[in-house]
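Listed below, chain by chain, are the residues.
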Amino acid sequence: MKILQANEQTSIKRSVDNGTEEQRKIVQKIIEDVRKGGDDAVKSYTEKFDGVQLQELKVKNEEIAEAYGQLDDSTITILQEAAENIRSFHEKQLRPSWMTTEENGSMLGQKMTPLDSVGLYVPGGKAAYPSSVLMNVIPAKVAGVKRIVITSPPDKHTCKIPPAVLVAADIAGAKEIYKVGGAQAIAALAYGTQSIAPVDKITGPGNVYVALAKREVFGDVAIDMIAGPSEIAILADESAIAEEVAADLLSQAEHDEMASSVLVTPSRTVAEKVAEEVQRQLKTLPKYEIASQSIENFGAIYVTETIEEAVETVNNLAPEHLEILTENPISLLGQIRHAGAIFIGRYSPEPVGDYFAGPNHVLPTNGTARFSSPLNVDDFQKKSSILYYSENALKDNGEKIAAFARLEGLEAHARSIETRLK
């Protein structure tokens, strides 16, 4: 790993894949075809891109029951425990509607209403991601969404969705599942087909074609975010153990050739030990090719003069995941302004959050932690303002409201008020 001196311009070298013009045109064509051709277009593209000929898009109950039989009991128990932890965490995010009453009889408030329907995209291809199912479905269920739809590409060998994904969906409470992936899945969720009714919002990560499709349909439906490659920053001092730091950096590097893994430390000794340890551990990783490309192109170690400078460097990076591996990590928490998820101390490595602890692992990437938050219950609700003015309240404030309207040149607005003050 490259060891560099940190400065005010320090940043994560990130890979932001916004797609090529050719890829955008392909996605636009897919969306247009699905809007016109419905199920037939979806099946055609599934055969073209996934190598699977589908008779029906929807997963049958028998397939879910069969999936349970393909997993051992301990795996099912782990999924159930993870689901309960995630549900417990997100239940604490749930906000009630509220109303206040003023002395003049007016009432003001906010009504929280769950979305009617959401579509959750679960990626396939290189691996199965039951964790993505739990992290997307459970906050939607907690929010009170009545219709939750999952789309995920079928395996080209079995023509089915991987059993762990189906079991996770069932545990999380999603019953409407379709064997559809790629841009065609996003188009089906946004505009509907004969089999798939349209939804109000689409969440979940995917490849560049999925990301481009989400961009295209945004406005007709809501989306969560455009997720970039995974990234981690580790803030460490001389107390950090090089073997552990290296393992944590590599935990993100093995995700993707474009993932970013960064260490920030005021200790050059730690920097050098971690750099050596990363190279040693890389050689034994099953995903060596992916991880080594990630480390070579998007990995770095930044050395600062002080721990305070290291903290500010981390804030400038605004990473998706941040681990604090220092002698007293809690003392630094209040100084962290920008990070998607913060992992405190050596016994809280990033995979704890990926799978089991409870906080959501769908996090802002590409520096958007400066202004964005993890996926949460609020993402599956909408807010309506409530206004009730009594007669006395309007008499007290009517002339001021009318004057404000005329300040903006809106006479009809002013008259709307004054006609009630006669």
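What counts and how
Residues numbered from 1 in each chain as written. Predicted model: local features only at pLDDT ≥ 70, side-chain atom pairs only at ≥ 80, totals over all residues. Heavy atoms only, no water. Pairing = 2+ DSSP bridges. Helix = DSSP H or I, 4+ residues; strand = E, 2+ residues; numbered from the N terminus. Axes fitted to C-alpha atoms, helices over the stretch in contact; angles between N-to-C directions. Contact = heavy atoms within 4.5 Å. Phe/Tyr/Trp six-rings, centres within 6.5 Å; stacked < 30°, edge-to-face > 60°. Buried < 20%, exposed > 50% of the residue type's maximum accessible area, 1.4 Å probe, protein only. Lys NZ or Arg CZ within 6 Å of the ring centre and 35° of its normal. Core = buried A, V, L, I, M, F, W, Y, C linked by side-chain atoms within 4.5 Å.

Explain the sheet that holds strand β9 (residues 231-236) here, please?
In a beta sheet, neighbouring strands pair by backbone hydrogen bonds and run either parallel or antiparallel. The strand order across the open sheet built from six strands is β1-β11-β10-β9-β12-β13, with neighbouring strands paired in parallel fashion. Each edge of the open sheet carries a strand with a single partner, namely β1 (3-5) and β13 (341-344). Strand-to-strand twist in this sheet, taken as the mean axis angle between neighbours without regard to direction, amounts to 20 degrees. Pairing of β1 with strand β11 (residues 299-303) involves three bridges; the strand directions are parallel. Along β11, the bridge assignment pairs Leu4 with Tyr302. Contacting β10 (260-265) and β11, helix α11 (residues 288-298) runs over the sheet at an angle of about 45 degrees to β11.

Explain the packing of aromatic side chains to me, please; I cannot follow it from the model alone.
How two aromatic rings sit relative to each other is given by the distance of their centres and the angle of their planes. In the structure shown here, the tally under the stated rule is one aromatic pair. With 5.7 Å between their ring centres and 10 degrees between their planes, Tyr45 and Phe49 make a pair best called stacked. On the criterion of helical spacing, the pair formed by Tyr45 and Phe49 is a turn pair, its members being four residues apart in helix α2 (residues 39-50). Classification of Tyr45 as buried rests on a relative accessible area of 11%. Stacked on the ring of Tyr191, the Lys or Arg Arg35 has its end atom at 3.8 Å from the ring centre.

Would you mind going over the nonpolar core with me for this structure?
Most often, soluble globular proteins have nonpolar side chains that are buried together. Of all hydrophobic cores here, the largest spans 40 residues; its most connected members are Leu134 and Ile150. Going through the elements one at a time, α3 (61-69), α4 (73-91), β4 (117-121), α5 (130-143), β5 (147-151) and α6 (163-172) are the ones with two or more residues in this core. With sequence-adjacent residues up to four places away left out, Ile150 is seen in contact with Leu120, Val122, Val133, Val137, Ala169, Ala174, Glu176, Ile177 and Tyr178. With 30 residues, the next largest nonpolar core counts Tyr45, Val149, Ala183 and Val199 among its residues.

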